[in-house]
Amino acid sequence: MCDTMAIVEAGRVLFAKNSDRDPNEAQRLDWRPRAEHSPGARLRCTWIEIPQVRATHAVLLSRPYWMWGAEMGTNEHGVTIGNEAVFTRERLAATGLTGMDLLRLALERAATAEAAVDMIVTLLGEHGQGGACSLERKGFSYHNSFIIADPRRAFVLETAGRHHAVEEIRGARSISNGLTIPGFAERYSDRIKTHVSACRLRRRRTQSLVERSEDTIDLAEILRDHGDGNSAPQYAFTNGGLGAPCVHAGGVLAASQTTGSWIAALQPGNCSHWATGTTAPCTGLFKPVAVDQPLELLGEPTNQADHDSLWWRHEQLHRAVTTDFERLLPIYQAERDEIERAWFVSPPDSASAFAQAERLLESWTACVHAKRGIDRRGWFVRRYWAARNRASRFDPARLPIYTPANAS
């Protein structure tokens, strides 16, 4: 499950997204350069092969490690896209392009938001959408919606099979895991699955908050939001923390976890982006990233715990903090917020920011583990996370070993 927002202003478009997926599904930041391709070349996407185009744009993606496509990303022209799972009455195809494939293809092939909308619509008509969208839940599939932005405009694109609807954004707009465009939503929405996803609840919350937002720091607060009046995650027995934008897994029927987050400020000639590259933005740090500042991040994360990749090193902090959120997060929250505010106003180069973030992660993790006590979450949440730790061979007590190479 996910939530995506955009604000269209005179001379600027703001964008924000939480990507909510299976808790052990590592998501990586992936830089891909501009490229030329041979005539007749073929491209292997997640499940199917399609014709390649002659030239593709440079892109920066936040991508589940096992997919070709991406949950969110941007390209060298400032086109920035986030996708959402939506549940419709149209048949789910056994194979096809995933929504994540469609997102990456649009970024690689389109230089404006409008062209990206047209690209996705064309690809839907030619290849359809389908195939498994989860590695942990093999039969889980869905259709997709998108917010597609550039420095001047933004659009909502909603799909149901090969059908689609488009709405240009005026002012503030949020989408979640349900269809929202009038007429299209009533015709195609699967009401039961849409209800289980809790998307209506989350979208009411994000829409009300984004309408009052003025800058990137406000968007960060929305992505970290645990619901009206709640500083800590709230867990329902059926669907865990799906009731708020900052999603925490732990339900017995539906469980999803925010595994990556992204914020962008898009202006003509000046596009700025910040990404966590880690789970749970409430426990993490938004770091400046750029298409033209590729980083060689240590490790290639998977669904098995490691002590090299940023994503899994942050899990030692995230999975500790959430055992007693209100007591453990304040250990480093003020320092985190001060650094982040400065980076939103005047972003340093990505390499310097990530090096500093590595040192902070080491310090914060050690401090939190030194103060860690009993797990105060409900029994069903504790059981859920114990199973995920076993499945990933994650040891909650083993701290990652920090070396200078981790900061390079």
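Structure first, text after, so check above.
Report follows, based on the coordinates. Being a predicted model, the structure only gives us computed values, none of them experimental. (Residues numbered from 1 in each chain as written. Predicted model: local features only at pLDDT ≥ 70, side-chain atom pairs only at ≥ 80, totals over all residues. Heavy atoms only, no water.)

## A look at the overall build of the protein chain
Part 1 of the reasoning: Scanning the protein chain from terminus to terminus reveals 11 helices and 17 strands.
Part 2 of the reasoning: Its C-alpha radius of gyration of 20 Å places the protein chain within 12% of the 22 Å reference for a compact globule of 408 residues.
Part 3 of the reasoning: C-alpha atoms of the protein chain, sized along the principal axes, occupy 55 × 45 × 40 Å.
Part 4 of the reasoning: Evaluated residue by residue, the protein chain yields a buried proportion of 60% over its 408 residues.
Part 5 of the reasoning: Long-range contacts, defined as pairs at least 24 residues apart, comprise 69% of the intrachain contacts of the protein chain with a sequence gap of at least 6.
Part 6 of the reasoning: As displayed, the protein chain has an accessible area near 16000 Å², and 51% of this comes from carbon and sulfur atoms.
Part 7 of the reasoning: Looking at the protein chain, you have 48 positive and 48 negative side-chain charges, and the mean spots of the two groups are 6 Å apart. (Helix = DSSP H or I, 4+ residues; strand = E, 2+ residues; numbered from the N terminus. Rg over C-alpha atoms; globule rule 2.2 N^0.38 Å. Buried < 20%, exposed > 50% of the residue type's maximum accessible area, 1.4 Å probe, protein only. Contact = heavy atoms within 4.5 Å. Areas by Shrake-Rupley, 256 points an atom, 1.4 Å probe, with all protein chains shown as cover. Lys, Arg positive; Asp, Glu negative; His and termini not counted. Charge placed at Lys NZ, Arg CZ, Asp CG, Glu CD.)

## Comments concerning the environment of S19
Part 1 of the reasoning: Examined against the element boundaries, S19 turns out to sit in strand β2 (residues 12-21).
Part 2 of the reasoning: When its relative accessible area of 0% is taken as the criterion, S19 is described as buried.
Part 3 of the reasoning: In sequence terms S19 and H307 are 288 residues apart; their C-alpha atoms lie 23 Å from each other.
Part 4 of the reasoning: Residues within four places of S19 in sequence aside, it is in contact with M1, C2, Q27, E71, M72, Q257, T258, T259 and G260.
Part 5 of the reasoning: Among the polar contacts listed, one links the side chain of S19 to the side chain of E71, at a separation of 2.6 Å. (Polar contact = N/O pair within 3.5 Å; in protein donor to acceptor, adjacent residues only side chain to side chain.)

## Some thoughts on the packing of helix α7 (residues 310-321) against helix α10 (residues 350-371)
Part 1 of the reasoning: Running from amino to carboxyl end, α7 crosses α10 at an angle of 35°, the nearest separation of the two axes being 10 Å. Our pair here, α7 against α10, has a crossing hand that is left-handed. Of α10, the residues touching α7 (which contributes L310, R313, H314, Q316, L317, A320 and V321) are F354, E358, L361, W364, T365, V368 and H369. (Axes fitted to C-alpha atoms, helices over the stretch in contact; angles between N-to-C directions. Left-handed = near helix turned anticlockwise from the far one by under 90°.)

## Comments concerning the sheet that holds strand β17 (residues 287-289)
Part 1 of the reasoning: Across the sheet, 6 strands lie side by side as β14-β1-β2-β15-β16-β17; this open sheet has antiparallel pairing. Each end of this open sheet is capped by a strand with a single partner; those strands are β14 (171-175) and β17. Across the sheet, the mean angle from the axis of one strand to that of its neighbour is 15°, orientation sign disregarded.
Part 2 of the reasoning: Strand direction decides the pairing type here: strand β1 (residues 2-9) and β2, joined by 8 bridges, are antiparallel. Bridge assignment links A6 to a residue of β2, and that residue is F15.
Part 3 of the reasoning: On the sheet, helix α5 (residues 199-210) packs against β1 and β14 and is oriented at approximately 160° with respect to β14. (Pairing = 2+ DSSP bridges.)

## Section: the packing of α7 against helix α11 (residues 379-392)
Part 1 of the reasoning: It is at 14 Å that the axes of α7 and α11 come closest, and there the two elements cross at 160°. When the axes of α7 and α11 are compared, the pair comes out roughly antiparallel. For the pair α7 and α11, the crossing hand works out as left-handed. Where α7 abuts α11, its residues W312, H318 and R319 lie against W385, R388, N389 and S392.
Part 2 of the reasoning: For the contact of α7 with α11, the per-class residue count stands at 2 nonpolar, 3 polar and 2 charged. (Parallel < 35°, antiparallel > 145°, perpendicular 65-115°, else oblique. Nonpolar A, V, L, I, M, F, W, Y, C, P; charged D, E, K, R; others polar.)

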